[in-house]
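Given next are the chains, with one letter for each unit.
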Amino acid sequence: MTGVGVRVLYRFVLIIEIEKSTNKERVVYMAKVYFIGAGPGDPELLTIKGKRIIDSSGVIIYAGSLVNAAVLEGCKEDAKIYNSASMNLDEVLEVTVNAINEGKDVARVHTGDPSIYGAIREQIDPLEEQSIECEVIPGVSSFTASAAAMKKEFTLPNVSQTVICTRMEGRTPVPEEEALEKLASHKASMAIFLSVGMIDKVIEKLTVHYPVTTPVAIVQRATWPDQKILIGTLENIAQKVASENITKQAQILVGDFLGDEYELSKLYDKSFTHMFREGK
């Protein structure tokens, strides 16, 4: 007869089985699946934790069509590496479950941040149904990397305090109440994913509410060596996109936050009092 206890040591979960007849402990290591955001491209934007997990995992499954393979440098020599670009969901889950059954941690490496268009729920749910432990390690999303590349701030005082992340409807439908023209009615700062190949339709829907003079930026492959930035307005950006032949891997940023008119924040206003500073 045995008793079972659980101890958490750093990143390891140990199942402790105690043999009642001898009162001796037997340690059983439980492998784990880590969904890691690799960031937008620059491998130095990978988090320290994400890098540590990749380097120590026995199996790595990465989205090779989007993730910079440089983030894999330093992994274990005997690590098994799979490119999920050529795999379907069943195949990804099969590799993952087999690795866990062999006692190997799995680094499931996604582009950007896994929580945004990462398709992680459809992987995590069936794994957890099999009592496989999962953890999500966030990463830098392409929409924040795009703003950083332009040295812009989505939430400028008296300009916009709201950021809308969305996409155009394509093969993946968008709920009717989230149609682009309806979201545009807020005239907030907007980051549009996965839609540059439909730029004409994007402009048509945005101009239902945004003035045609609204600033727009296209940032292709943010933080990669071949990063490209186009700046224009809703009136002329489609022509610029066409002339540069940008059809994929680009963020569409929309809003007056791209302009130069804004108020200074209260945060550093010398007359503003908060819990760490008395106003003068």
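Our subject is the structure listed above.
Cut-off values and rules
Residues numbered from 1 in each chain as written. Predicted model: local features only at pLDDT ≥ 70, side-chain atom pairs only at ≥ 80, totals over all residues. Heavy atoms only, no water. Pairing = 2+ DSSP bridges. Helix = DSSP H or I, 4+ residues; strand = E, 2+ residues; numbered from the N terminus. Axes fitted to C-alpha atoms, helices over the stretch in contact; angles between N-to-C directions. Contact = heavy atoms within 4.5 Å. Core = buried A, V, L, I, M, F, W, Y, C linked by side-chain atoms within 4.5 Å. Buried < 20%, exposed > 50% of the residue type's maximum accessible area, 1.4 Å probe, protein only. Arc of directions from axis to C-beta. Parallel < 35°, antiparallel > 145°, perpendicular 65-115°, else oblique. Left-handed = near helix turned anticlockwise from the far one by under 90°. Nonpolar A, V, L, I, M, F, W, Y, C, P; charged D, E, K, R; others polar.

> Teacher, can you tell me more about the sheet that holds strand β9 (residues 163–167) here?
Note: strands within a sheet are paired through backbone hydrogen bonds, in either parallel or antiparallel orientation. Overall, mixed pairing links the 5 strands, which are arranged β9-β10-β13-β11-β12 in an open sheet. Since the sheet does not close on itself, it has two edges, and those belong to β9 and β12 (228–233), each with one partner. The sheet shows a mean angle of 20° between the axes of neighbouring strands, direction not considered. Where strand β11 (residues 215–220) meets strand β13 (residues 250–254), 5 bridges bridge the pair, whose relative direction is antiparallel. By the bridge assignment for β13, Ile218 is matched with Ile252. Across the sheet, helix α4 (residues 142–149) is in contact with β9, β10 (189–193), β11, β12 and β13; its angle to β13 comes to roughly 70°.

> Just checking my understanding: could you explain the nonpolar core for this structure?
Soluble globular proteins tend to pack their nonpolar side chains together in the buried interior. Core analysis: the largest hydrophobic core is formed by 25 residues, its most contacted members being Met190, Ile192, Leu206, Ile218, Val241, Ile252 and Val254. Sorting the residues of this core by element identifies α5 (180–183), β10, α6 (199–206), β11, α7 (237–243) and β13 as the ones contributing at least two each. Here the element with the most residues in this core is α6; it accounts for 4 residues. Apart from residues lying up to four places away in sequence, Leu206 is in contact with Leu180, Ala184, Met190, Ile192, Leu234 and Val254.

> Please explain helix α3 (residues 121–129) as it appears in this structure.
The α-helix winds at 3.6 residues per turn, so residues separated by three or four positions along the chain end up facing the same way. Listed as buried for α3 are Gln123, Ile124 and Leu127. Summarising the axial view, the buried residues of α3 lie within an arc of 90°, below the 170-degree limit, and thus occupy one face. Facing away from the buried surface of α3 by more than 90 degrees, the exposed residues are Arg121 and Glu129. Close packing links the buried residues of α3 with β4 (33–37), α2 (89–101), β7 (106–110) and β8 (134–137). Where α3 terminates, the next one or two residues include Ser131, which has phi positive at roughly 60°.

> I tried to follow the packing of α2 against α3 on my own but got confused; where do I start?
Geometry of a packed helix pair, given as the angle between the helix axes and the separation of the axes. Two elements in contact, α2 and α3, have axes whose closest approach is 11 Å; the angle formed by their N-to-C orientations is 45°. Judged by the inter-axis angle, α2 sits oblique to α3. Crossing geometry of α2 relative to α3 is assigned as right-handed. Where α2 approaches α3, its residues Leu89, Val92, Leu93, Thr96 and Val97 are matched on the opposing element by Glu122, Gln123, Pro126 and Leu127. Residues of the contact of α2 with α3, tallied by class, amount to 6 nonpolar, 2 polar and 1 charged.

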